[in-house]
Amino acid sequence: MKNKLNIPQEMLMSIDFMNTANGGMSQPIMNIENTEDGYEVMVKAPGIEPDELQIEILKDKLMIYHLLPIFGKSEGESSDMRSIRFISKMQIPADVDVEGISARYDDDRRYLMLDLPADETHKDFHRKVNIERW
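This text gives an overview of the structure that appears in the document.

## Re the overall build of the protein
For the protein, the helix and strand inventory stands at two helices and seven strands. Going from the N terminus to the C terminus, the protein shows its helices and strands as α-α-β-β-β-β-β-β-β. Burial status across the protein gives 19% buried among its 134 residues. Contacts spanning at least 24 positions in sequence make up 44% of the contacts within the protein whose residues lie at least 6 apart. Working note: accessible area of the protein is about 11,300 Å², and carbon and sulfur atoms make up 50% of it.

## Let's talk about the pattern of salt bridges
The tally for this structure, following the rule as stated, stands at three salt bridges. A salt bridge links Arg 104 to Asp 115; the nearest nitrogen and oxygen atoms lie 2.6 Å apart. Residue Arg 104 is found in strand E6 (residues 102-106), and its partner Asp 115 is found in strand E7 (residues 111-117); the two are separated by eleven residues along the sequence. Its relative accessible area of 44% is what places Arg 104 among the partly exposed residues. For Asp 115, a relative accessible area of 23% translates into the label partly exposed. In this structure, the salt-bridge partner of Arg 109 is Asp 106, at a minimum N-O distance of 3.9 Å.

## Thoughts on the side chain of His 66
Along the chain, His 66 turns up in strand E4 (residues 61-71). Residue His 66 is classed as buried on the basis of its relative accessible area of 3%. Excluding its chain neighbours within four sequence positions, the residues that come into contact with His 66 are Ile 48, Glu 52, Ser 83, Ile 84, Arg 85 and Ile 87.

## A look at a negative patch on the surface
On the surface, Glu 36, Asp 37, Asp 97, Glu 99, Glu 120 and Asp 124 cluster together into a patch of negative charge. Assignment of secondary structure puts Asp 124 in the segment after E7.

Definitions and cut-offs
- Residues numbered from 1 in each chain as written.
- Predicted model: local features only at pLDDT ≥ 70, side-chain atom pairs only at ≥ 80, totals over all residues.
- Heavy atoms only, no water.
- Helix = DSSP H or I, 4+ residues; strand = E, 2+ residues; numbered from the N terminus.
- Buried < 20%, exposed > 50% of the residue type's maximum accessible area, 1.4 Å probe, protein only.
- Contact = heavy atoms within 4.5 Å.
- Areas by Shrake-Rupley, 256 points an atom, 1.4 Å probe, with all protein chains shown as cover.
- Salt bridge = Lys/Arg side-chain N within 4 Å of Asp/Glu carboxyl O.
- Patch = residues over 30% accessible without salt bridge, like charges linked within 9 Å, V, L, I, M, F, W, Y side chains within 5 Å.
- Lys, Arg positive; Asp, Glu negative; His and termini not counted.
- Charge placed at Lys NZ, Arg CZ, Asp CG, Glu CD.

In structure tokens, the structure reads:
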């Protein structure tokens with residue numbers, strides 16, 4: 001009598017099974033698409049609740065992260081201290097309007113979508129630069 005573990009194919013495709021089987025964390029999936037209006041960034045982070053996700057822009061960097069609680073050493077004792085786990089750190093392309101960056105979370109499909117709109121002031125920009133001689 002052989003006992004087989006039957007795991008649905010859909011489950012194996014949606015989580016990082018080998019990493020999480022022994023208590024590890026799933027690896028986030030990120031996809032960037034270039035569109036007519038700029039860029040679309042899709043982030044799927046299994047096991048992370050939407051309320052825990054944080055997005056920050058610092059100069060020309062876009063950071064997506066969440067905070068992990070750090071537990072106390074003795075049983076029953078907890079701490080308010082948290083550690084940052086970066087999901088993604090990326091360079092914002094030069095042709096993106098940083099002020100127009102927006103994000104939304106799709107509860108049905110469980111992924112985060114970021115819109116990085118193109119900066120229209122540089123679209124079709126062309127200028128000849130004269131070379132000075134001295």
